[in-house]
Amino acid sequence: MPTPRKKPATDKPATEKKAPARKKAPAKAAAAAPAPGEEPVSTAPAGKFQLVVVESPAKAKTINKYLGSGYHVLASYGHVRDLPTRKEKGEEVAGIRIADGWKMRYVVDDGKDDKKGGGRGRRRTPADILAEIRREASKAERVLLASDPDREGEAIAWHIADALKLPAANTFRIRFNEITKPAIQAAIAKPEPINGQRVLAQEARRAMDRVVGFPLSNLLGKKVAGGLSAGRVQSVAVKLIVDREREIEAFRTEEYWKVTALLAKAGLGVKWTADPKKSKILAKKKEATKLTARPGDEPDTTPDPDEPVVDTETSDAPPDADGAAAAPVERTGLPTPPEGSFLAELVKWAGAEPKLPNEAAADAVVAALRDVPFVVTKREEKDRQDRPSPPFITSTLQQQANIRLRFSTSRTMQAAQKLYEGVELSGMGQTALITYMRTDSTRVSNDALAGVRTYIQGDARLGPDYLPKSPNMYASSKNAQEGHEAIRPTDVTMTPARAQAAGLAGDQMRLYELIWRRFVASQCTPAVMAVTTVEVTAGQGLFRANGRIMKFEGHRRVLTPVGKGEDVTLPDVRERDALNRLDTFEAQHFTQPPARFNEGSLVKMLEKEGIGRPSTYASIIATIQKRGYVQQEKGRFFASEIGKVVTDLLAKHFPKIMDLKFTSHFEDSLDEIETGKYQYRAVLDEFWGPFSTDLKKADTEMAPARVELDEKCPKCGRTLEKRFTTKTGGYFIGCTGWKDKEAPCTFKRSADGKEIAGPTVTEIPCPACGKFMVRKEGRFGVFFTCEGAPDCPTTMNQGADGKPVVTALPTKNKCPKCEKQNLLVKESKAGKKYVQCPDAKCKFISDCDAAGNPVMPPDTGIACEKCGKPMVIKVAWRGPFLSCSGYPQCRNAKSINAELREKLKDLLPPMPDKTEKKSDIPEVQVDDTCPECDAPMRLMKSRFGAGFYLGCSKYPKCKGKGQVSGELKRKIDAVMAGAPA
């Protein structure tokens, strides 16, 4: 355990490499910024304005609205400097001199590497941004560093001050959890020095990530495959998925049966016709789920039928021993009871839990029940309160957005970032709608509590009955930074309806409504339900039925829990009442393996185990997929072959790194640096000693996954070898002759034995330059590039008929925006041609005529509600819509309703012929049924490529989806080839 901290470490990181020559700052501004932990000293120069530095331009725009002419607001665009990627002499790891007291060397990116590597070289580099801040800071009275209110934001503020050597006496830190006028003014009124302890905590975390990530990534690149990475947190996240995958692989399914009786009170005359054919409900046979995604398949986030979506935070099911909600009721296929009757399940047989392993055992029970009386022996009624969940923190927001909105963690955080920084609203300008979205605290300010309580009491749909006597208070986790607040609306009176009327739309609207409803619901009274339990005795059997009636909605009136069935009301039966058995059902079931993680459940597990921190979950999930360690199918994570290999190697040679408890303990130690309990160096030294020893051993003892086989190449006769690749997450067999510069051999064979064809020059002439097109295979299928690339950017895709279709063709027209690149003619999914600048930084895009000349869109006479610029007609695969001409700065868009269609009828393009689209779908018989509603499925064409998927025939009422099986794929291929299916 590290020793308690006595005095803050004051080792100042080495100065970064010099940025390009720039105007020299005044002498007054040359004093060095204090290192973390030091007290500021210096005198302030006089100025006529105050400079506020934030992280993003969107936030700068919002804050500018609240400050007068005496303030200038600039954006740092996040981090201004970082550790270098190349080692210098004396550094054990790039950028860190561990033996010299963990001295860190930072560099400022000046864009030179971009130019050397053939990049665009046009972006604003951190050196350019720092130069701008330096110029303004030299004229300012005070510099107020307003980066995000977390440890990373504190570090960014220190990096700006240190890189520019800002005078300490007039350089201050301001923090706010919401971008509102009162919060900004309160922060400016109480500026503080940079918190050195928080900077040290962030530096320790950054150092740990570097000394673990770089050496392990290099080791894996040498032993397994290039392009791999490892890390203190990401490798443990992969291990969780791999361990779950192996649990599923080792699971052995067992059959079991349930018996359910349909009962009614004697004498009521409830009518029911028993059908012996329907009394036995057989489980549907499921095919083993495999990673069989193909280029062009429609993405599907529908959960498996045996894994229904459940809101575990508000589930009615009682918690199990670990505190997790119990599994939801399975879809049994039982009928809906007629009025006056109810279903009761057999829960005991001969005084013990019924064990019915097969159909014969179930038949025997049903036969024994045939002539016995059914009598109510117990009826119990009680009220149960369902308390609201706390307002969102980062992890619960990610989980609930995944469950309710099907958002990935990265999609959730991108939308939340915009809501926090500010969006353009009609009549309000740039407006921030939520508080800071990277938080692990459920605390809510007194002003916000007062505001939401006033809203609840005065709202017509709620009122005093929904307002508790005192505010609901919620406990945060032990590691929560209580200086933060929970994620909530900045103004509770900005209801989702108001925000939508002001122009909020898309992901931001959906996420804002979820945040708003969760916050308001968190301060409502509990819901009250009347829960009824009826027990029925029949011979040796005991049957039980549960019913529930909502007596008072409480918080559920604002936010309804997901995964809930309708309330079941039991008929009025009393103890000793005789019942008629109308029917008996035998249902076959099979035990199911543990569910695979989705993004929400993985975040929940990481949080539960103390792995990583909320702000890192989205980047962790993105990284492990990018490296090929895991893949998503139907919203679930599957461990790839390379993920299993890497996990096994790391677990064997670095058991501490892969141990969940050790990782969690180390997270706590890093957090304690901020409190001063542990010393910065002591925490890092405690880890580095044993880890560096393990590194040296693994370098010699770790067996390489890339191994030569006892097999010769069929093309050149050299030895074949097994190699892993991050592109597929698996392995392939390749010739060792690929390294031979004089006579290279490119032979490759996939894991299933099929030869992988490399790029081949075809006889298809390029329509732009006359050279031949090169056939290639990518993740979305076959495509073609010009032999003269990159000088000739012509590309083609393979059409449904197998013939090449031009997708990008250069023109002679210069881009009117950047005036550097020639425009490319492209074709949208709707079949409409347009021109686009090949420079992604330029982002110019426009409609074009037949010759590829850009044309101005017609004037619709409609102004954007957000920014006032003209709205123009755009065409997507679904048809035309209105988009702001200020795109991408303003992303406002709206559909064309009947009124607008009549107004714009002379400007709208003709609607695409739907019959032609249907003709692209081959006529094959589909026997699958919808996993959601059991309706027949139909074959659908993917809009993302040449593939197909299955969609419910009841769409849009039911949005169930499925994948094309191997047998159905063969039928489709046969029809497409002209053969009988």
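Residues take numbers from 1 onward in each chain, read along the sequence in its written order. Predicted model: local features are reported for residues with pLDDT of at least 70 only, side-chain atom pairs are reported and counted for 80 or more only, and whole-chain, interface and lining totals are derived from all residues. Note: side-chain values were computed over all heavy atoms of the structure, leaving out hydrogens and water.

(A) Local environment of the pattern of salt bridges. By convention in these notes, a salt bridge is any Lys or Arg side-chain nitrogen within 4 Å of a carboxyl oxygen on Asp or Glu. Counted by the stated rule, this structure contains 45 salt bridges. Residues Lys 59 and Asp 148 are paired through a salt bridge, measuring 2.5 Å at the closest nitrogen-oxygen approach. Of this pair, Lys 59 sits in helix H1 (residues 57-66) while Asp 148 sits in the loop between strand E5 (142-145) and helix H4 (151-164), and the two are 89 residues apart along the sequence. Exposure class is identical for Lys 59 and Asp 148. Each is buried. It is possible to trace a salt-bridge network through shared partners that takes in Arg 151, Glu 154, Arg 173, Arg 175, Glu 192, Arg 198, Arg 205, Asp 209, Arg 232, Glu 667, Asp 671 and Glu 674. Put simply, DSSP marks the helices as runs of H or I at least four residues long and the strands as runs of E at least two long, and each gets a number from the N terminus on. Relative accessibility decides the category of a residue: with a 1.4 Å probe and only protein chains considered, values under 20% of the type maximum give buried, values over 50% give exposed, and everything between is partly exposed.

(B) Examining the pairing of strand E23 (residues 772-778) more closely. Sheet topology note: the strand E22 (residues 760-765)/E23 ladder contains three bridges and is antiparallel. Looking at E23, one finds that Pro 765 is bridged to Phe 772. Taking the residues that link successive antiparallel strands as the turn, the E22-E23 hairpin has six residues, and the phi of Gly 770 there is positive, at about 90°. Two strands qualify as a pair provided that DSSP identifies no fewer than 2 bridges between them. In this structure, E23 lies alongside strand E24 (residues 781-786), joined through six bridges in antiparallel fashion. Residue pairing across strands places Gly 778 opposite Gly 781, the latter belonging to E24.

(C) Molecular detail of the nonpolar core. Counting 91 residues, the largest nonpolar core has Val 211, Val 224 and Phe 654 as the members making the most contacts within it. Counting residues per element, this core draws most heavily on helix H6 (residues 196-223), which supplies 11 residues. The term nonpolar core refers to a set of buried residues drawn from Ala, Val, Leu, Ile, Met, Phe, Trp, Tyr and Cys, joined through side-chain atoms within 4.5 Å. By size, the runner-up hydrophobic cluster in this structure holds 64 residues, among which are Val 73, Tyr 420, Ile 434 and Ala 486.

(D) Expanded view of unusual backbone geometry. Residues Ala 789 and Pro 790 are joined by a peptide bond in cis, for which omega reads 5°. Mapped onto the elements of the fold, Pro 790 is located in the loop between E24 and strand E25 (795-798). One non-glycine residue with positive phi stands out, namely Trp 102, at about 60°. Locating Trp 102 in the fold gives a position in the loop between strand E3 (96-97) and strand E4 (103-104). A residue is classified by how much of its surface remains accessible, and Trp 102, at 2% relative accessible area, is buried. Located in the positive-phi region is Lys 165, a residue other than glycine, with phi close to 50°. In this fold, Lys 165 is placed in the loop between H4 and strand E6 (171-173).

(E) Layout of helix H10 (residues 409-421). The span you would expect from a helix comes to 1.5 Å times its residue count less one. Between its first and last C-alpha, H10 extends 18 Å over 13 residues, near the 18 Å set by a 1.5 Å rise per residue. Considered for burial, the residues of H10 that qualify are Thr 409, Thr 412, Met 413, Ala 415, Ala 416, Gln 417, Leu 419, Tyr 420 and Glu 421. On the buried face of H10, the contacting elements are H1, helix H9 (394-405), helix H13 (506-522), helix H14 (599-609) and helix H15 (617-626). Downstream of H10 by one or two residues, Gly 422 has phi in the positive range, about 125°. Pairs of residues are marked as contacts when any of their non-hydrogen atoms sit within 4.5 Å.

(F) Looking closely at the packing of helix H17 (residues 660-675) against helix H18 (residues 680-701). All axes here are fitted lines through C-alpha atoms, helices being fitted over the stretch that makes contact, and every angle between N-to-C directions spans 0 to 180 degrees. At a minimum axis distance of 9 Å, the contact between H17 and H18 shows a crossing angle of 160°. Here H17 lies roughly antiparallel to H18, going by the angle between them. Classified by chirality, the crossing of H18 by H17 is left-handed. Mapping the contact onto sequence places Phe 662, His 665, Phe 666, Ser 669, Leu 670 and Ile 673 in H17 and Tyr 680, Val 683, Glu 686 and Phe 687 in H18. Charged means Asp, Glu, Lys or Arg here, nonpolar means Ala, Val, Leu, Ile, Met, Phe, Trp, Tyr, Cys or Pro, and polar covers whatever is left, Gly included. Taken together, the residues of the contact of H17 with H18 sort by class into seven nonpolar, two polar and one charged. For classification, angles of less than 35 degrees are called roughly parallel, those exceeding 145 degrees roughly antiparallel, those between 65 and 115 degrees roughly perpendicular, and all remaining angles oblique. The handedness criterion is simple: a crossing whose near helix is rotated anticlockwise from the far helix by less than a right angle is left-handed, and one whose near helix is rotated clockwise is right-handed.

(G) Summary view of the sheet that holds strand E27 (residues 822-827). Spatially, the nine strands line up as an open sheet ordered E22-E23-E24-E25-E26-E27-E28-E29-E30, and their pairing is antiparallel. The sheet is open, and its two edges are formed by E22 and strand E30 (854-855), each paired on a single side.

(H) Layout of the packing of aromatic side chains. Working definition: a ring pair exists when centres of Phe, Tyr or Trp rings (six-membered ring for Trp) sit within 6.5 Å. Plane angles under 30 degrees give stacked, over 60 give edge-to-face, the rest tilted. Taken as a whole, this structure holds 11 aromatic pairs when the rule is applied. On the basis of an interplanar angle of 85° and a centroid distance of 6.5 Å, the ring pair of Trp 102 and Trp 688 is categorised as edge-to-face. On the criterion of sequence distance, the pair formed by Trp 102 in the loop between E3 and E4 and Trp 688 in helix H18 is long-range, its members being 586 residues apart. A relative accessible area of 15% means that Trp 688 is categorised as buried. Considering the side-chain rings of Phe 654 and Phe 691, the 5.7 Å spacing of their centres and the 45° angle between planes classify their relative orientation as tilted. Of the two residues, Phe 654 sits in the loop between helix H16 (641-653) and H17 while Phe 691 sits in helix H18, which places them 37 residues apart along the sequence. With relative accessibility at 3%, the residue Phe 691 sits in the buried group. Taken together, the aromatic side chains of Trp 102, Phe 654, Phe 662, Phe 666, Phe 687, Trp 688 and Phe 691 make up a single cluster linked through ring pairs.

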